[in-house]
Amino acid sequence: MPLVAQVQLDMEGALTARDRVGIQDFVLLDETTEAAFLSNLRKRFCNDLIYTYVGTLLVSVNPYKALDIYNQKQMDLYMGVNFFELPPHIYALADNAYHTMLTEFNNHFILISGESGAGKTEASKKILQYYAVSCPSTTLLNTVRDKMLMSNPVLEAFGNAKTLKNDNSSRFGKYMDIQFDSQGDTVGGHILNYLLEKSRVVHQNHGERNFHIFYQLVEGGEESLLQQLGLDRGSQHYYYLTQGRCAIVSSINDTHDWKTVRNALQIINIDEVNINHLFGIIASVLHLGNVHFDSDAKGHALLNNKAPLHWVSNLLGVDGSILQEGLTYRKIEASKDEVLSPFTVDHAIYARDALAKAMYGQTFTWLVNRINESIENQDPSKKTVIGLLDIYGFEVFYVNSFEQFCINYCNEKLQQLFIQLTLKAEQDEYEAEDIEWEPVQFFNNKIICDLIEEKHRGIISILDEECLRPGEATDLTFLERLEDKMGTHPHFVTHKLADKMTRRTLERGDFRLLHYAGEVTYCVVGFLDKNNDLLYRNIKDLMCKSKNAIVRECFSKMEPDSRRRPETVVTQFKSSLLKLTEILMAKEAWYIRCLKSNESKQPGHFDEALIRHQVKYLGLMEHLRVRRAGFAYRRKYEIFLKRYKPLCPATWPHWRGAPAEGVEVLVQHLGYLPNEYKMGRTKIFIRHPRTLYATEDAYERCKHELATRLQAKYKGYRAKGEFRKQKEAATKIETCWRGVQARKERERRAWAVKVIKKFIKGYMTRGQAKSTDNSEYLAFVRQSYLNRLKNNLPKTVLDKSTWLAPPAVLTETSEMLRKLHYRLMVRKYVRGVTAQRKAQIQLKVVTSSLFKGKKDSYPQSVSQPFVDTRISEQEINIRVIQSIRNEHIKYSVPVIKYDRNGFKPRPRQLVLTQTAAYVIEEAKIKQRVLYTSLKGISVSNLNDGMMVFHITCEDPKQKGDLVLQCDHLFELLTKLSVIAKKQSAINVVQGSIKFEIQPGKENAVDFSTGQEPLVYKAKNGHLMVVATRARTR
Ligand SMILES: Nc1ncnc2c1ncn2[C@@H]1O[C@H](COP(=O)(O)OP(=O)(O)OP(=O)(O)O)[C@@H](O)[C@H]1O
Ligand SMILES: [Mg+2]
């Protein structure tokens, strides 16, 4: 489903839910009959729904009761919401105008029309309040806003009055521009005022009042103020306030309103001096009204009571007698003289009233100017405005005079403007744009406007002519002239011109106009005077000298060129309306049509006839028909495309072709149905507002999306920038750091080069005497040598090879250290040696001295520790022990004894005592060898355990030498040599060992080496010992 269609559906759903009573837009009515229109209006009115749309036009029916629909909550509700999304409301229209102004940056105006009492002024106040409260504002602007709001009670007090039609009827026209800056803040305003109904100051019809301010002053004014102004409390004392006989009205609270106005005057910056002048004028008018005249015998006017005039002269600061003269005599300038011509009573009254009217009228303009000064925007930058037009409504009284003529003419003009802008211009546009169109018939009131204002032929021209004509022009001659000129005009009739039937309803001095809003019969009496609005020269001059600054200022400005005749009132009015039309035509229009629900100001009363009449003359049915058949919205292709092109990929961001084609593509994309729009020559026409609002909604959403996309792009761009910056920063830091590193490195290298150079120099001169060149080098060499030496010291005393070769400078030191170190190690070693070990070593030293370098098996024996004995005493037979105990057994070891004859091996124990060695077999001592008889001990030089004990043998019975083999040869022989002190008796023999079997009988032991150790008797009878070859070390 296209986007627009979806939004449309949502909106319509919401609409039906809310619109329970009647139809809120007449465009949606099933039939466009007046009956259906009125029925819908009544249905809604009876449910207090006073607002209904005809497209974007707002119809408002005066409820004559306070409705709770103008509160802050409602304002918030309508702020920024599309027109058709909420029930019809004046806030919706105000808001729509405001937002259109902001988005299109152009000027707008809201035309509020309707007859007197229909609710125009109320509507304009609601709009102003809405802008004041809802639009953004700053503290500074708040004061401007307050002033704009407060201008209302002041202008209403001075310019509104109770009439038969309306208790607060505007008696002046008001056009107010509200200025906004580009942010939509209310920044200022400007008011244009139109023709105040001054005649009311001096005369009120029955049931009507003078302007509110007079009553407010005399009813609500503070006692002291009244005293100061010479006033009595109560309006009954004043002629100008009592002619209508309804000074007190229940719907009006003058005392309360007085306070509001006093406060408002201060807020709009009118200082106390001026406020005093202002009330001085109001009081003067009241006093003037009480100035009465009697007629003397000649019919001349005479002042009948001086007090009021005294107060007037007092308050205005003018000479009392001159004032009196001005009111009772006319000054005629004849050639160079001035002649005073006395007034009749009527003339005097005329002069009095003219002064009162002039004073009041001028003061009113002064007040508007003051308000404008105080709400003027000071900032010169471009502003957009929303104009609010609230003018006096069409009115018909029993007697209608010049004022009603002007008021109704003004309404006629506004109706014409409405027709021009809606019915006519609209239909002309369809034609110009070539849009298929069935013309809607409507009544164009141009014919009435022409009747009134046409140059030379219109009523205004004729009135002016009569006013300016020399001779006896009167109101009746004016009427005659009208009859002459207008004779057959369909909208003009007089007693003379009327048919019989009509004539009955007309007086001779009347003329009747068939206005767009109905017939009005005007009584010509007073037309000329009121149009001339003459003020006698002498009074004017006097006022120019007034001590009241406001009066002086106003009257001085009145007629700069006294020779030229001033423009008549109606002509001035006509040109001001022309200017107003120009002002309005340059802006975009919004319409509020106010309907009066009944004539009796009753709440809830729906006077169908009265309303039907208004619906008819306001052209609402025609407007509805044009709206229904026509198009609610149109825009030049370029403008439409420019705004909505983001909604279609084909047109965004640029459409290169013709704008009309672009628009066509765009609306196709949006899913517009064929009957929803038409393509004109230069514009697109959209039938229903909802289509446009849906498009606008889509645009709003799209704007957000675009904004998000732009934001994302921008954020990306920013992030990229940031990244680049960081990267650059990182590179810079890196470069700096590298620089720092490089500089350090360079310094290090430079230092190294210096050190190396010094080192080399030192090296080269190391042998020379200590100098600056070599001293450092040598110190280094020393230190490094000592350091190295520390880690490479020999670990044992025996290690003689590990000493680090010293550098030349340390040769001596090194040697000293080496010795020291060895001594230290020796010391440590010695300290660690036990007594046992010492004894052992001492024994080993003996062994060494005996066998080192002599016997092959010696080296292997070194590492084998000696033990105390190899056979414990328990292992020796007890008997043997017993027999030798007293000799102290020192050492015992198992041996093998070879028989001297036959060499039979016999295992024996060899026990060494203090004095002898014993060969023992079990319990038998086989042989006792006294050490004293042991002459020698022979061992081979080979790797064997053979030993021969050579014994002195004096006794033949004694056995001969002992041939023994022992596995612990070195231990045995060392112990033996120590015990028997026989070191020198031990021989290491190369070759054979001879021994004596018995004295004189020898044999020998031969030695050889072989694979296996063997001991056997050789063929030569010798004992053959084969020793294994000793392992070479
Ligand atoms: N929206 C409204 N809610 C309640 N009362 C209203 C509303 N509009 C108008 N009225 C009543 O109707 C009265 C007349 O309204 P208002 O003064 O606005 O008429 P007007 O169209 O300005 O008449 P005129 O042309 O005489 O100035 C108000 O004083 C008020 O009592
Ligand atoms: Mg009004």
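Rules used in this analysis
- Residues numbered from 1 in each chain as written.
- Chains lettered and ligands numbered in written order.
- Predicted model: local features only at pLDDT ≥ 70, side-chain atom pairs only at ≥ 80, totals over all residues.
- Heavy atoms only, no water.
- Helix = DSSP H or I, 4+ residues; strand = E, 2+ residues; numbered from the N terminus.
- Rg over C-alpha atoms; globule rule 2.2 N^0.38 Å.
- Contact = heavy atoms within 4.5 Å.
- Lys, Arg positive; Asp, Glu negative; His and termini not counted.
- Charge placed at Lys NZ, Arg CZ, Asp CG, Glu CD.
- Donors = N, O, S within 2.8 Å, 3.2 Å for Na, K, Ca; no water.
- Domains from an automatic or database assignment.
- Axes fitted to C-alpha atoms, helices over the stretch in contact; angles between N-to-C directions.
- Parallel < 35°, antiparallel > 145°, perpendicular 65-115°, else oblique.
- Nonpolar A, V, L, I, M, F, W, Y, C, P; charged D, E, K, R; others polar.
- Near = heavy atom within 4 Å.
- Polar contact = N/O pair within 3.5 Å; in protein donor to acceptor, adjacent residues only side chain to side chain.
- Areas by Shrake-Rupley, 256 points an atom, 1.4 Å probe, with all protein chains shown as cover.
- Pairing = 2+ DSSP bridges.
- Core = buried A, V, L, I, M, F, W, Y, C linked by side-chain atoms within 4.5 Å.
- Buried < 20%, exposed > 50% of the residue type's maximum accessible area, 1.4 Å probe, protein only.
- Patch = residues over 30% accessible without salt bridge, like charges linked within 9 Å, V, L, I, M, F, W, Y side chains within 5 Å.
- Salt bridge = Lys/Arg side-chain N within 4 Å of Asp/Glu carboxyl O.
- pLDDT = per-residue confidence, 0-100.
- Disulfide = S-S within 2.5 Å.
- Phe/Tyr/Trp six-rings, centres within 6.5 Å; stacked < 30°, edge-to-face > 60°.

Can you walk me through the overall build of the protein chain in this structure?
A count of helices and strands for the protein chain gives 35 helices and 31 strands. Against the 2.2 N^0.38 benchmark of 31 Å for 1033 residues, the protein chain shows a C-alpha radius of gyration of 72 Å, more extended than a compact globule. A principal-axis box enclosing the C-alpha atoms of the protein chain has dimensions of 225 × 70 × 65 Å. Contacts spanning at least 24 positions in sequence make up 64% of the contacts within the protein chain whose residues lie at least 6 apart. Charge separation in the protein chain, taken as the distance between the mean sites of 145 positive and 119 negative side-chain charges, equals 23 Å.

Looking at this model, I keep getting lost on the coordination of the magnesium ion (ligand 2). Mind explaining?
Metal coordination angles in their ideal form are 109.5 degrees for the four-donor tetrahedron and 90 or 180 degrees for the six-donor octahedron. Coordination of the magnesium ion (ligand 2) by the protein involves Thr 121 (OG1) and Ser 170 (OG), with metal-donor separations of 1.9 to 2.1 Å. Residue Thr 121 is located in helix α5 (residues 120-134), and its partner Ser 170 is located in strand β5 (residues 169-170); the two are separated by 49 residues in the primary sequence.

What's the story with the domain arrangement of the protein chain in this structure? I'm lost.
Where interface size is given, it is often the accessible area lost as the parts come together that is meant. Looking at the protein chain, the domain boundaries give domain 1 (65-401), domain 2 (636-738), domain 3 (774-828) and domain 4 (874-1028). A separation of 129 Å is found between the C-alpha centroids of domain 2 and domain 4.

What am I meant to see in the packing of helix α32 (residues 835-851) against helix α35 (residues 969-979) here?
How two helices sit against one another is set out by the angle between their axes and by the gap between those axes. Between α32 and α35, whose axes approach to 9 Å, the crossing angle comes to 100 degrees. Considering their axes alone, α32 and α35 lie roughly perpendicular with respect to each other. Here Leu 843, Val 846, Thr 847, Leu 850 and Phe 851 of α32 lie close against α35, whose contacting residues are Leu 969, Phe 970, Leu 973, Thr 974, Lys 975, Ser 977 and Val 978. Class assignment of the residues belonging to the contact of α32 with α35 gives a composition of eight nonpolar, three polar and one charged.

Would you explain the site of ligand 1 in this entry?
Not every one of the 20 residues close to ligand 1 is listed here, only the nearest: Asn 62, Ser 116, Lys 120, Thr 121 and Ser 169. Between Ser 116 and ligand 1, the recorded distance is 2.6 Å, taken from a side-chain N or O atom to an oxygen atom. Between Lys 120 and ligand 1, the recorded distance is 2.6 Å, taken from a side-chain N or O atom to an oxygen atom. Taken by itself ligand 1 offers 620 Å² of open surface, and the protein chains cover 87% of this. When contributions to the shell around ligand 1 are tallied by element, the ones reaching two or more residues are α5 and β5. Residues belonging to the shell around ligand 1 are distributed by class as follows: six nonpolar, ten polar and four charged.

How should I be thinking about the sheet that holds strand β13 (residues 492-494) in this particular structure?
Across the sheet, three strands lie side by side as β13-β14-β15; this open sheet has antiparallel pairing. The open sheet is flanked by β13 and β15 (518-523), the only strands paired with a single partner. Averaged over all neighbouring strand pairs, the angle between strand axes comes to 25 degrees, with direction disregarded. Both strand β14 (residues 510-515) and β15 contribute to a ladder of six bridges, which runs antiparallel. Looking across to β15, one finds that Leu 513 is bridged to Val 520.

Can you help me understand the nonpolar core in this one?
For soluble globular proteins, the rule of thumb is that nonpolar side chains tend to be buried together. In terms of nonpolar packing, the biggest core is built from 181 residues, with Tyr 131, Phe 214, Ile 459 and Phe 511 touching the most fellow members. A per-element tally of this core places helix α15 (residues 345-375) first, with 15 residues. Formed by 30 residues, the second largest nonpolar core is a distinct cluster that contains Leu 850, Val 895, Ile 937 and Leu 973.

Sorry if this is basic, but what is going on with a nonpolar patch on the surface here?
A surface patch of nonpolar side chains, amounting to about 810 Å² of accessible area, comprises Trp 751, Val 755, Ile 756, Phe 759, Ile 760, Tyr 763, Met 764 and Phe 780. Sort the elements by how many residues they give to the nonpolar patch and helix α29 (residues 689-764) lands first, with seven residues. Tracing the sequence through the fold places Phe 759 in helix α29. Note on Phe 759: relative accessible area 30%, which makes it partly exposed.

Would you take a moment to explain the pattern of salt bridges for this structure?
Side chains that differ in charge, positive against negative, can pair when their charged atoms come close. Here the structure, examined in full by the defined rule, presents 50 salt bridges. Here Arg 512 ties to Glu 519 by a salt bridge, and the two come within 3.8 Å at their closest N and O atoms. One salt-bridge network, in which partners are shared between bridges, spans Arg 171, Glu 197, Arg 200, Glu 208 and Glu 395.

Even after reading the chapter, I still don't get the side chain of Ser 461, so can you show me in this structure?
Along the chain, Ser 461 falls in helix α18 (residues 459-468). Take Ser 461: its relative accessible area is 15%, and that puts it in the buried class. Excluding residues within four positions of it along the chain, Ser 461 makes contact with Glu 454, Lys 455 and His 456.

Just to check I follow, could you spell out the environment of Thr 344 for this structure?
As for its position among the elements, Thr 344 is in the loop between β11 (337-342) and α15. With 46 residues separating them in the primary sequence, Thr 344 and Lys 298 have C-alpha atoms 8.9 Å apart. Setting aside anything within four residues of it in sequence, one finds Thr 344 in contact with Gly 299 and Ala 301.

Could you clarify how one ought to interpret the confidence of the model for the protein chain in this entry?
For residues with low pLDDT, the predicted coordinates do not support detailed interpretation. Looking at the protein chain, the pLDDT average stands at 89 and 96% of residues meet or exceed 70. Summarising per-element confidence for the protein chain, the mean pLDDT is lowest in helix α1 (residues 3-18) (44) and highest in strand β4 (residues 160-161) (97). Low pLDDT, under 50, characterises residues 1-5; the predicted model gives this stretch eleven contacts beyond four residues in sequence or across chains. This model gives residues 7-19 a pLDDT under 50, and the stretch forms 21 contacts once residues within four places in sequence are excluded.

Please clarify how the pairing of strand β29 (residues 1001-1010) should be interpreted in this entry.
A regular strand places its side chains on the two faces of the sheet in alternate fashion. Where strand β28 (residues 993-998) meets β29, five bridges bridge the pair, whose relative direction is antiparallel. From the neighbouring strand, Glu 996 faces β29, where its bridge partner is Glu 1002. The antiparallel pairing of β28 with β29 creates a hairpin that spans two residues between the two strands, and Gly 1000 there sits at a positive phi of about 90 degrees. In terms of strand pairing, β29 meets strand β31 (residues 1023-1028) through six bridges, oriented parallel. Counted as the bridge partner of Val 1005 is Leu 1023 from β31.

Got a minute to help me understand the state of the cysteines in this structure?
Two cysteines, two sulfur atoms, one covalent bond between them: this is a disulfide. Per the stated rule, a full pass over the model turns up zero disulfides. Free of any disulfide, Cys 467 has its nearest cysteine sulfur in Cys 406, 11 Å distant.

Before we go on, may I ask you to explain the pairing of strand β30 (residues 1014-1017) in this structure?
As defined by bridge partners, β30 adjoins β31 across four bridges and the pair is classed as antiparallel. Considered in β31, the bridge of Leu 1014 is made with Val 1026. Between β30 and β31, which pair antiparallel in sequence order, lie five residues; one of them, Gly 1021, sits at a positive phi of approximately 90 degrees.

Sorry, what's going on with the sheet that holds β28 here?
Strand pairs in the sheet, formed through backbone hydrogen bonds, run parallel or antiparallel to each other. One open sheet holds the four strands; their spatial order is β28-β29-β31-β30, and the pairing between them is mixed. Two strands bound the open sheet, and with one partner strand each, they are β28 and β30. Each strand of the sheet is rotated relative to its neighbour by a mean of 25 degrees, with strand direction disregarded.

Mind showing me how you'd approach the packing of aromatic side chains here?
Aromatic ring pairs: the centre-centre distance and the angle between the two ring planes describe each pair. This model, assessed by the stated rule, comprises 45 aromatic pairs. Both rings, one in Phe 26 and one in Phe 37, keep their centres 3.8 Å apart while their planes meet at 10 degrees; by these two values the pair is stacked. With Phe 26 in the loop between α1 and α2 (34-46) and Phe 37 in helix α2, this pair connects stretches of sequence that are eleven residues apart. There is no split in this pair, since Phe 26 and Phe 37 are both buried. Grouped by ring-pair contacts, the aromatic residues Tyr 70, Tyr 78, Tyr 91, Tyr 98, Tyr 130, Tyr 131 and Phe 180 constitute a single cluster.

For this particular structure, what's the right way to read the environment of Asp 944?
Relative to the helices and strands, Asp 944 resides in the loop between β24 (934-940) and β25 (946-951). Relative accessible area serves as the criterion here: at 10%, Asp 944 is assigned to the buried category. The contacts of Asp 944, once residues within four sequence positions are left out, are Lys 855, Ser 857, Leu 969, Phe 1007, Val 1025 and Ala 1027.

Sorry if this is basic, but what is going on with a positive patch on the surface here?
A surface patch of positive charge is lined by Lys 500, Arg 503, Arg 504 and Arg 508. If you trace the backbone, Arg 504 turns up in the loop between α20 (500-503) and β14. Taking the relative accessible area as the measure of exposure, Arg 504 reaches 69% and is therefore exposed.

How should unusual backbone geometry be read in this particular structure?
Only a minority of non-glycine residues have a phi that is not negative, and only a minority of peptide bonds are not trans. Look at the link from Trp 652 to Pro 653: it is a cis peptide, with omega at 0 degrees. Position of Pro 653 relative to the elements: it lies in the loop between α27 (637-644) and α28 (659-670). Backbone geometry at His 456 places phi at a positive 65 degrees, although glycine is not the residue there. Its place among the elements puts His 456 in the loop between α17 (446-453) and α18. Unlike most non-glycine residues, His 888 shows phi in positive territory, near 60 degrees. Among the secondary structure elements, His 888 is positioned in the loop between α34 (878-884) and β20 (889-898). On the basis of relative accessible area, His 888 is assigned to the exposed category, the value being 52%.

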